[in-house]
Amino acid sequence: MSEQKPGSPESAEASGPPADAPPNPQSPSPSPGQASPGQASPVTETAAPRPPAPQPGPYAAQGVEPPATPAYLHAQRQRAQGAQGAQQTWQPGRPWQPPVKRPGATAKLRPAAPPLIPLAVLWAVLATAVLSALLLGDGLGVNLLIVAVPATLAAAFAALAAGRRLRPWTATWAVGGLALLAVPALLDAGWPTFLAVVSAFALGSLALHGSRSWLGVLMGSVGTLDSVVPGIRWGWRGVRERADDSRGRWGTVVRTSAVAVGLLVVFGTLFASADANFADLLGRLTPDVSIVDGPLRTFLFLVGLVGALAAARTAAAPVRWDGLTVKPGKPRGRTEWALPLIVLDLLFAAFIALQLVVLLGGYDKVHEQTGLTHADYARQGFWQLLWATLLTLLVIALALRWAPRGGNRDRTLVRSVLGTLCVLTLVVVASALRRMDLYVDEYGLTRLRISVAAMELWLGVVLVLILAAGVFGARFLPRAIAVSAAAAVLAFGLISPDAVVAQQNVQRFEDDRTSIDIDYLKDLSADAVPALDKLPEPQRSCALRVIQGELRGSDSPWYATSWSEARAEEILRKRPANTDRRTCYGLGTDGVREGERDGYEQDHDDYDPY
């Protein structure tokens, strides 16, 4: 046993007062070798080992105190650590620690990272990218549906690997999206094709997310864009890990693919040079790829690759957009809530009473009082009624947010007031459609007129769905409205709007032989060719001359040619448009020669706002 030396730290700590006792300068310190009260003698018992003394900090040599941590900074970092769940402890002597990263606003909506990307997903993604580069550079047609097939398979393989099951609504969204992609394969018109492609993307994104609520359906329709960057990282990590594990197999795949491509090129060239028909068939089936198109093809390859990876990543680990909630509004009192809506119902009822009088044959009286013709009366009010329908839907949404929610009586009040408003608005929709019908009878059908009429009709469907939700419950209302919108876009594309426009104008010309707007009809797409082919000469050739020139100047392959274009080419091949431009110019803007008007005078204003 060694004896503690006087003045050592151990001797001072053993003989000193307790840490929480006040200092006493008059208390005598024990002499060397003498144990303090309550402590065993060092001769008879060994002292317990004590921790080493703390090392002096960098400020000890200078004889100054270390700077104290600011209180606000200390509290801020404590809150950040608590929010993140970190187990780190705050060190008072280090005020400038790295900032703690707080979780994002959508962190609670994101699931755990998906497993390693399956090999089947990688092959489907690669097929999507290659088909995009080869087929999408020549236009849109059935090629868009062909490219969507491997992308759908990539998402399906990723979902199965992650343990997700196919649900009825998921199948509904997926089938609807693929059906919408059939519109570019059928029609030549660009505007219904654009609507169909955008709607197909929205339905595909909903199929990957499986959202149910209002915000879930809204965000889920574009939520795949949120997986673009995570999808690239997920795919790169999978390729890198699989390449490290199977270097030899990748070499085998490359050699096998090179041999197969070489055999196809050699024997395909020989057979093409031996038979002209086979060469023509091979030329039609094979995409025309040149060096000039290199940048475009590379861009399309990247778009297909990134899009398929984003779809697969979303299918494996979708963001749960249903977790986004909107705090309901403060319930209002019955009188405060119901009185403005009842006044609005009365206003709607008064307007509708007048509309019923007009619809039942009161146009003569309206003409006597205002001097407006049927067409002018229809043109004057259609747009106002369309905006009234849209604003009514907004009023219903806001009224439901602040509706009283006290019990069955409040529920009955809400259903009665809003149900009455929906029924009255349906009559307004019918009045607007009737006005458009009268206007079309007078001036003819155009693309804009058929579009706004279709939109008004869909708004009526939305009102019917709201009425049904008031009776059977609003659980399926967000998804039902989304389905109705997609069905409306699909139906709008399948009826071929350009063909309907051409058919209506041709029928008007055949009925009265007064006028037809050749300048407008000649700018329609190839969808209108079957209807315009029924016109007499020279109106027929003047209406088809521009479309015929576009079809002859087009060299689109089979996968970028729609069914309407193929049908129009066949019609114009049998009966080409041979009238020259001078003859068409002599017809005038109304498609009738100056000497063939039979005393017809234009009795309506040429002004047409839509």
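Here goes a summary of the coordinates provided. (Residues numbered from 1 in each chain as written. Predicted model: local features only at pLDDT ≥ 70, side-chain atom pairs only at ≥ 80, totals over all residues. Heavy atoms only, no water.)

## Regarding the overall build of the protein chain
Scanning the protein chain from N- to C-terminus turns up 24 helices and zero strands. For the protein chain, with 610 residues in total, the buried portion stands at 34%. By sequence separation, contacts in the protein chain at least 24 residues apart represent 75% of the contacts at least 6 residues apart. On the protein chain, roughly 36,500 Å² of surface is accessible, and the fraction owed to carbon and sulfur atoms is 63%. (Helix = DSSP H or I, 4+ residues; strand = E, 2+ residues; numbered from the N terminus. Buried < 20%, exposed > 50% of the residue type's maximum accessible area, 1.4 Å probe, protein only. Contact = heavy atoms within 4.5 Å. Areas by Shrake-Rupley, 256 points an atom, 1.4 Å probe, with all protein chains shown as cover.)

## Details of the side chain of T392
Among the structural elements, T392 can be located in helix α15 (residues 374-401). Excluding its chain neighbours within four sequence positions, the residues that come into contact with T392 are F348, L421 and T425.

## Let's talk about the pattern of salt bridges
Per the counting criterion, the structure on display carries ten salt bridges. With its nearest N and O atoms 3.1 Å apart, the salt bridge here joins R434 to D437. Of the two residues, R434 and D437 are both situated in helix α16 (residues 408-443); the distance of three residues between them amounts to about one turn of the helix. Since its relative accessible area comes to 35%, D437 is described here as partly exposed. Here E570 ties to R573 by a salt bridge, and the two come within 2.7 Å at their closest N and O atoms. Residue E570 and its partner R573 are located together in helix α23 (residues 563-574), separated by three residues, close to a single helical turn. For R573, a relative accessible area of 55% puts it in the exposed group. (Salt bridge = Lys/Arg side-chain N within 4 Å of Asp/Glu carboxyl O.)

## Here we look at the packing of aromatic side chains
The geometry of an aromatic ring pair is captured by two quantities: the separation of the ring centres and the angle between the planes. One pass over the structure, following the stated rule, counts five aromatic pairs. Judged by centre distance (5.4 Å) and plane angle (75 degrees), the rings of W191 and F492 are edge-to-face. Here W191 is found in helix α7 (residues 190-209), whereas its partner F492 is found in helix α18 (residues 477-494), with 301 residues between them in sequence. A ring pair is formed by W558 and Y559, whose centres lie 5.5 Å apart and whose planes are at 85 degrees; its orientation type is edge-to-face. Overall, the relative accessible area of 0% leaves Y559 in the buried class. Members of the aromatic cluster, connected to one another through ring pairs, are W169, W173 and F476. (Phe/Tyr/Trp six-rings, centres within 6.5 Å; stacked < 30°, edge-to-face > 60°.)

## What to know about the nonpolar core
Membership of the largest hydrophobic core comes to 51 residues, with the highest contact counts inside it found for L532, L535, L544 and I547. What L544 contacts, discounting residues up to four positions off in sequence, is V529, L532, D533, L572 and A577. Core analysis: the next-biggest nonpolar cluster, separate from the first, contains 17 residues, V121, L122, A124 and A316 among them. (Core = buried A, V, L, I, M, F, W, Y, C linked by side-chain atoms within 4.5 Å.)

## Some details on helix α12 (residues 294-316)
If you check α12, its first and last C-alpha atoms are 33 Å apart, about what 23 residues at 1.5 Å a residue would give, namely 33 Å. Of all the positions in α12, only R297, L300, G304, A308, L309, A310, A311, A312, R313, T314, A315 and A316 are classed as buried. (Expected span 1.5 Å × (residues − 1).)

## So, a positive patch on the surface
Together, R165, R167, R212, R320 and R475 line one region of the surface with positive charge. Relative to the helices and strands, R475 resides in the loop between α17 (447-472) and α18. Judged by relative accessible area, which is 60%, R475 ranks as exposed. (Patch = residues over 30% accessible without salt bridge, like charges linked within 9 Å, V, L, I, M, F, W, Y side chains within 5 Å. Lys, Arg positive; Asp, Glu negative; His and termini not counted. Charge placed at Lys NZ, Arg CZ, Asp CG, Glu CD.)

## Notes on unusual backbone geometry
For the bond running from E537 to P538, omega is 0 degrees, close enough to zero to count as cis. Turning to its location among the elements, P538 is positioned in the loop between α21 (529-532) and α22 (539-553). Phi is positive for S496, close to 60 degrees, though the residue is something other than glycine. Position of S496 relative to the elements: it lies in the loop between α18 and α19 (497-512).

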